[in-house]
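Examination of the molecular architecture
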Amino acid sequence: MNFVAIIGIVDEVTKLQKSTNAIVNVKVEKTEANTQDGDWCDLVPVLINCEKFATEMKPMNSGQIIGIKGRMNSAQNKLRLIGERVQVF
């Protein structure tokens, strides 16, 4: 089964040139054991189709709480997350 679900805070939205996709960097909370470097979050880049999620992309701003359900994909020897459902809170 290939399933990923994250809830976090939108850090940055970058629309890809010559594509209908965007990369949404989501801040997700680290576990207490991993906060020794003083940083409370990790940035997780998620690939989202702007046409499929046009309604969700409009209110998406930095600082917005977001939930993403998706899957992992390996392309060009890089692992990436692909959003299949998006909920902006």
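Rules used throughout
Residues numbered from 1 in each chain as written. Predicted model: local features only at pLDDT ≥ 70, side-chain atom pairs only at ≥ 80, totals over all residues. Heavy atoms only, no water. Helix = DSSP H or I, 4+ residues; strand = E, 2+ residues; numbered from the N terminus. Rg over C-alpha atoms; globule rule 2.2 N^0.38 Å. Buried < 20%, exposed > 50% of the residue type's maximum accessible area, 1.4 Å probe, protein only. Core = buried A, V, L, I, M, F, W, Y, C linked by side-chain atoms within 4.5 Å. Contact = heavy atoms within 4.5 Å. Pairing = 2+ DSSP bridges. Axes fitted to C-alpha atoms, helices over the stretch in contact; angles between N-to-C directions.

Topic: the overall build of the chain
Tallying secondary structure elements over the chain gives one helix and five strands in all. Starting at the N terminus, the α and β elements of the chain follow one another as β-β-β-α-β-β. Radius of gyration (C-alpha) of the chain: 13 Å, near the 12 Å computed for a compact globule of 89 residues. Looking at the chain as a whole, 31% of its 89 residues are labelled buried.

Concerning the nonpolar core
Of all hydrophobic cores here, the largest spans 19 residues; its most connected members are Ile6, Val26, Val46, Ile48 and Met60. The leading source of residues in this core is strand β2 (residues 21-29), at four residues. Dropping the residues within four chain positions of it, Met60 is found in contact with Val10, Val13, Val24, Ile66, Val86 and Val88.

Focus on the environment of Trp40
Inspection of the secondary structure puts Trp40 in the loop between β2 and β3 (41-49). Between the C-alpha atoms of Trp40 and Asp11, which are 29 residues apart in sequence, the distance is 14 Å.

Overview of the sheet that holds β3
With mixed pairing, five strands are arranged side by side around a closed barrel as β1-β2-β3-β5-β4. Between one strand and the next, the sheet's axes are offset by a mean angle of 55°, whatever the strand orientation. Summarising the sheet, strand β4 (residues 65-75) and strand β5 (residues 78-88) pair through 10 bridges and their orientation is antiparallel. Paired with Arg71 across the two strands is Ile82, which belongs to β5.

Observations concerning unusual backbone geometry
For Lys18, which is not glycine, the phi torsion reads 55° and is therefore positive. Backbone geometry at Gln76 places phi at a positive 55°, although glycine is not the residue there. Position of Gln76 among the secondary structure elements: in the loop between β4 and β5. By relative accessible area, which is 78% here, Gln76 ends up exposed.

Shape is all these values report; function is a separate question.
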